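Notes for the structure review
For reference, the chains in residue letters:
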Amino acid sequence: MNLRQLFLQHVAQTSAFPLMLEVETAKGMYLHSKDGKSYLDLIAGIGVSCLGHRHPAIVEAAKAQLDRYLHTLVYGEFVLAPQVQLAELLAKQLPDPLESVYFVNSGTEATEGAMKLAKRYTGRAEIVSCKKAYHGSTQGAASLMWPKDFTQAFHPLLPGIRHIDYNCEWCLQQITERTAAVVVETVQGEWGVRPPGEGYLKKLRHRCSEVGALLIFDEIQAGYGRTGTLFAFEQYGVVPDILLLAKGMGGGMPIGAFVASRDVMLALSDNPILGHITTFGGHPVSCAAGLATLQTLLSTDYIQQVKPKEALFLELLQHPAIREVRSAGLWMAVEMIDFEFIQVVIKRCLEAGLLTDWFLFNDRSLRIAPPLIITEEQIRWACSVILNAIDQTAKARNLTRSDVVR
Ligand code: PMP
């Protein structure tokens, strides 16, 4: 059997239609496949490769750490330089009182840890989350998910979860003295990039403070420069009690974190002690890569270039079949007529050497979330490929202008 057959035979699948690209190498903006083709990566491994693939500073830092030590002991016992330095640098970028970092391995683990912390700190059980939110696939995080299409088959999940509409101000009354925490994506991602409405996050902050609920911002996808600032919440004048990070944080290595004040975080180390533990959380190689990622983002102007690059995408992505482009920095949902249309567009883009995708809760939108290092020339090329794919798809389906325009 060849590698593709072995992949289907022995690697557990998440759907019946995997992309099946056989990756040979990856560098910068490109993935190179076994058959010698190159693909411009417009989705950054779903928000992970913020500095592109194998950024030299990240590779060098990870290699240097490989030569020092790998795993030593479970999280939280030893003083490990890459971990301490990353926590310190992160804390420096965050407003008070966010200064205590609990390292984990993934986004969903950050969500789980934060949910437990909020319950332990407040002594309350109820958690509020927003409809069309995605916070991870483990059972606690999956309980926050709505619609239930993806979770129904796994019920019962956690009791005591209340789902409210995102961006709905009167719904905030459902946050009460029984609420331990509200978990919300600063910008909703998998619903197809929905930024918060004017003043919404401030009102949410106010309501949480009023009833003593902790406010948890999930920036697992929105963080690390994606929206034009290191953290998306900086643009809305609101500080959460707990911040969730992962994806871009390791620049291609697995790592996540939840960050809170020292006062809040102390609740996890006491009564019971060891109430939340992890073997691999804050792995030294991931932390070394994470430190290099953050240092590079802070010492270059990639984040400052996000808004002008977003503007260029928006200027170029004009077509009668494009119904709407919603964006938050280098994070865009290009809405078209239906899933079948998008599916063909994605396939044609792939054939032309451009990797795109759709969204979990929005299969009518094309996902654009490239590494922040994408150049103007690459943006122009990518948009021309997308527009061309749209043209061809409309033609093949015999769609006229009045079919594609709502
Ligand atoms: N929260 C958000 C907003 C996400 O986008 C994701 C991943 N798509 C997660 C949580 C879960 O992260 P992970 O896949 O690393 O568990």
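Residues numbered from 1 in each chain as written. Predicted model: local features only at pLDDT ≥ 70, side-chain atom pairs only at ≥ 80, totals over all residues. Heavy atoms only, no water.

Some thoughts on the sheet that holds strand β1 (residues 23-27)
Strand order across the open sheet formed by four strands is β1-β2-β3-β13, with mixed pairing between neighbours. Two strands bound the open sheet, and with one partner strand each, they are β1 and β13 (354-355). As judged from the four bridges shared by β1 and strand β2 (residues 30-33), these two strands associate in the antiparallel manner. Each residue of the ladder has a partner; that of Ala 26, found in β2, is Leu 31. (Pairing = 2+ DSSP bridges. Helix = DSSP H or I, 4+ residues; strand = E, 2+ residues; numbered from the N terminus.)

Digging into the state of the cysteines
Applying the stated criterion across every chain, the model contains one disulfide. Residue Cys 168 pairs covalently with Cys 171 via a disulfide, S to S 2.2 Å. What sets the handedness of the Cys 168 and Cys 171 disulfide is the S-S torsion sign, and at about 85° it is right-handed. Of all cysteine sulfurs, the one in Cys 50 lies closest to Cys 287, which takes part in no disulfide; the gap is 15 Å. Given the relative accessible area of 0%, Cys 287 is considered buried. Not engaged in a disulfide, the cysteine Cys 349 finds its nearest cysteine sulfur in Cys 383; these two sulfurs lie 10 Å apart. (Disulfide = S-S within 2.5 Å. Buried < 20%, exposed > 50% of the residue type's maximum accessible area, 1.4 Å probe, protein only.)

Some details on the site of the ligand
With respect to spatial proximity, the complete set of residues near the ligand consists of Ser 106, Gly 107, Thr 108, Tyr 134, His 135, Gly 136, Glu 185, Asp 218, Ile 220, Gln 221 and Lys 247. At 2.8 Å from an oxygen atom of the ligand is found a main-chain nitrogen or oxygen belonging to Gly 107. Between the ligand and the protein, one listed contact pairs an oxygen atom with a side-chain N or O atom of Gln 221 at 2.6 Å. In the complex, the protein chains occlude 81% of the 400 Å² of accessible area that the ligand would expose alone. Its residues placed into classes, the shell around the ligand shows two nonpolar, six polar and three charged. (Near = heavy atom within 4 Å. Polar contact = N/O pair within 3.5 Å; in protein donor to acceptor, adjacent residues only side chain to side chain. Areas by Shrake-Rupley, 256 points an atom, 1.4 Å probe, with all protein chains shown as cover. Nonpolar A, V, L, I, M, F, W, Y, C, P; charged D, E, K, R; others polar.)

Some points on the packing of helix α3 (residues 56-66) against helix α9 (residues 284-299)
It is the contact of α3 with α9, at a shortest axis distance of 8 Å, that shows an interaxial angle of 150°. Taken as axis vectors, α3 and α9 run roughly antiparallel relative to one another. You can see that α3 and α9 cross each other, and the crossing is right-handed. Here Ala 57, Ile 58, Ala 61, Ala 62, Gln 65 and Leu 66 of α3 lie close against α9, whose contacting residues are Pro 284, Val 285, Ala 288, Ala 289, Ala 292, Thr 293 and Thr 296. (Axes fitted to C-alpha atoms, helices over the stretch in contact; angles between N-to-C directions. Parallel < 35°, antiparallel > 145°, perpendicular 65-115°, else oblique. Left-handed = near helix turned anticlockwise from the far one by under 90°. Contact = heavy atoms within 4.5 Å.)

Focus: the pairing of strand β5 (residues 126-130)
Taken across its five residues, β5 has five buried, putting it largely inside the fold. Covered by surrounding structure in β5 are Glu 126, Val 128 and Cys 130 together with Ile 127 and Ser 129, the residues of both alternating faces. Pairing between β5 and strand β7 (residues 179-185): four bridges, direction parallel. When the bridges of β7 are listed, Ile 127 appears paired with Ala 181. Where β5 and strand β6 (residues 161-164) come together, four bridges link them in parallel fashion. Looking across to β6, one finds that Ile 127 is bridged to Ile 161.

Observations regarding the domain arrangement of the protein chain
Partitioning the protein chain into structural domains gives domain 1 (3-55 + 301-405) and domain 2 (58-299). Here the C-alpha centroids of domain 1 and domain 2 sit 27 Å apart. Facing the 29 residues of domain 1 at the interface are 34 residues of domain 2. Taken together, both faces of the contact between domain 1 and domain 2 bury some 2,800 Å²; the carbon and sulfur share is 66%. Sorting the residues of domain 1 by area buried against domain 2 places Ile 303, Trp 331 and Phe 361 first, and these three jointly supply 31% of that buried surface. (Domains from an automatic or database assignment. Buried area = accessible area lost by both parts, 1.4 Å probe.)

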